[in-house]
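Take a look at the letters that make up each chain.
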Amino acid sequence: MVGKQAGAKDKGKDGRRQVAALVWRRELDGSISILLMTSRETGRAVIPKGWPMREHADHKSAAIEAYEEAGILGKVAKKPIGQYRYWKRLDTRFIFLTVDVFALEAREMRTEFPEQGQRSMNWLAPNAAAMLVDEPDLAALIRSFSPKPAPAPAPEDPPA
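Student: Got a minute to help me understand the layout of surface pockets in this structure?
Tutor: Empty space left among the atoms is revealed by rolling a probe the size of a water molecule over them. Empty space within the largest pocket amounts to approximately 640 Å³. If you go around the largest pocket, you meet 24 residues; those closest to its centre are Arg40, Glu41, Lys49, Tyr86 and Lys88. Along the lines of polarity and charge, the residues of the lining of the largest pocket split into 8 nonpolar, 4 polar and 12 charged.

Student: Explain the confidence of the model for the protein chain here, please?
Tutor: Caution is warranted with low-pLDDT regions, since their predicted coordinates should not be read in detail. Residues at a pLDDT of 70 or more form 83% of the protein chain, whose mean pLDDT is 88. The spread of mean pLDDT over the elements of the protein chain runs between strand S6 (residues 82–89), the lowest at 92, and helix H2 (residues 126–132), the highest at 98. The low-confidence segment residues 1–14 (pLDDT under 50) makes 40 contacts with residues lying over four places distant or belonging to another chain.

Student: When you look at the pairing of strand S7 (residues 94–109) in this model, what are you seeing that I'm missing?
Tutor: For a regular strand, side chains alternate in direction, first toward one face of the sheet and then toward the other. For strand S1 (residues 17–26) and S7, the ladder comprises 8 bridges, and the chain directions are parallel. Residue Val19 lies in a different strand from S7, and its bridge partner there is Asp100. Here strand S5 (residues 72–76) runs beside S7; their pairing, made up of 5 bridges, is antiparallel. Following the sheet pairing, Val76 is matched in S7 by Leu104. Sheet topology note: the S6/S7 ladder contains 8 bridges and is antiparallel. When the bridges of S7 are listed, Tyr84 appears paired with Val99. Counted between consecutive antiparallel strands, the loop separating S6 from S7 contains 4 residues.

Student: Hey, could you run me through the environment of Glu105 in this one?
Tutor: One can find Glu105 in strand S7. A distance of 3.3 Å separates polar atoms of two side chains, one belonging to Glu105 and the other to Arg107.

Student: Sorry if this is basic, but what is going on with the nonpolar core here?
Tutor: Proteins that are soluble and globular tend to have nonpolar side chains buried together. By size, the foremost hydrophobic cluster in this structure holds 24 residues, and its most contacted members are Ile34, Ile47, Val101 and Ile142. Within the residue set of this core, elements represented by two or more residues are S1, strand S2 (32–38), S6, S7, H2 and helix H3 (136–144). At 5 residues, the largest contribution of residues to this core is made by S7. Here Ile47 is in contact with Ala20, Ala21, Leu22, Leu35, Leu36, Met37, Glu69, Tyr84, Val101 and Leu138, once residues within four sequence places are set aside. Grouped together as the second largest cluster of nonpolar side chains are 15 residues, Met37, Ala66, Val76 and Leu104 included.

Student: Before we go on, may I ask you to explain the environment of Pro48 in this structure?
Tutor: With respect to the helices and strands, the residue Pro48 is situated in the loop between strand S3 (45–46) and strand S4 (49–50). Between the alpha carbons of Pro48 and Val101 there is a distance of 9.6 Å; along the sequence they are 53 residues apart. Look past the residues within four positions of Pro48 in its chain and what remains in contact with it is Val19, Ala20, Ala21, Val23, Met37, Glu65, Ala66 and Glu69.

About the cut-offs
Residues numbered from 1 in each chain as written. Predicted model: local features only at pLDDT ≥ 70, side-chain atom pairs only at ≥ 80, totals over all residues. Heavy atoms only, no water. 1 Å grid on protein atoms, 1.4 Å probe; cavity = no way out; pocket = protein on both sides within 12 Å on 5 of 7 lines; lining within 4 Å. Points joined across faces, edges and corners; volume = space filled by probe spheres on them. Nonpolar A, V, L, I, M, F, W, Y, C, P; charged D, E, K, R; others polar. pLDDT = per-residue confidence, 0-100. Helix = DSSP H or I, 4+ residues; strand = E, 2+ residues; numbered from the N terminus. Contact = heavy atoms within 4.5 Å. Pairing = 2+ DSSP bridges. Polar contact = N/O pair within 3.5 Å; in protein donor to acceptor, adjacent residues only side chain to side chain. Core = buried A, V, L, I, M, F, W, Y, C linked by side-chain atoms within 4.5 Å. Buried < 20%, exposed > 50% of the residue type's maximum accessible area, 1.4 Å probe, protein only.

Pasting the structure below:
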């Protein structure tokens, strides 16, 4: 992790929260795909997430997690698109966390990044991605996610 945990007091049973990036890209046919990856410990389907970083706004912390965990660079939304909750396994106990999710449009996927080789990654249609995650609120967020429409191509000049 690039930054230090903020451990910000917010929602969640333990008073802790995380930030995550819902990484997406537009396919050639205009549809969108969502990036899912496996968690390092359990192999579950997850999105990039981590603790807020004191020296960064939450949306920037989410973007840093996407780079560190998946090598993704792109445009991240400044406001969360929603949140979900889950139980995080710590060394000696579980804590219930709220995760603020920020949409991140993938513009580049690096081949070298901090957690390279530690996870498997797949681009999936939103409904397929939603079926693979364990958290019902995250699945609902993925299913309902709708980025702004792609800009229409500029009209061509008529032949001279």
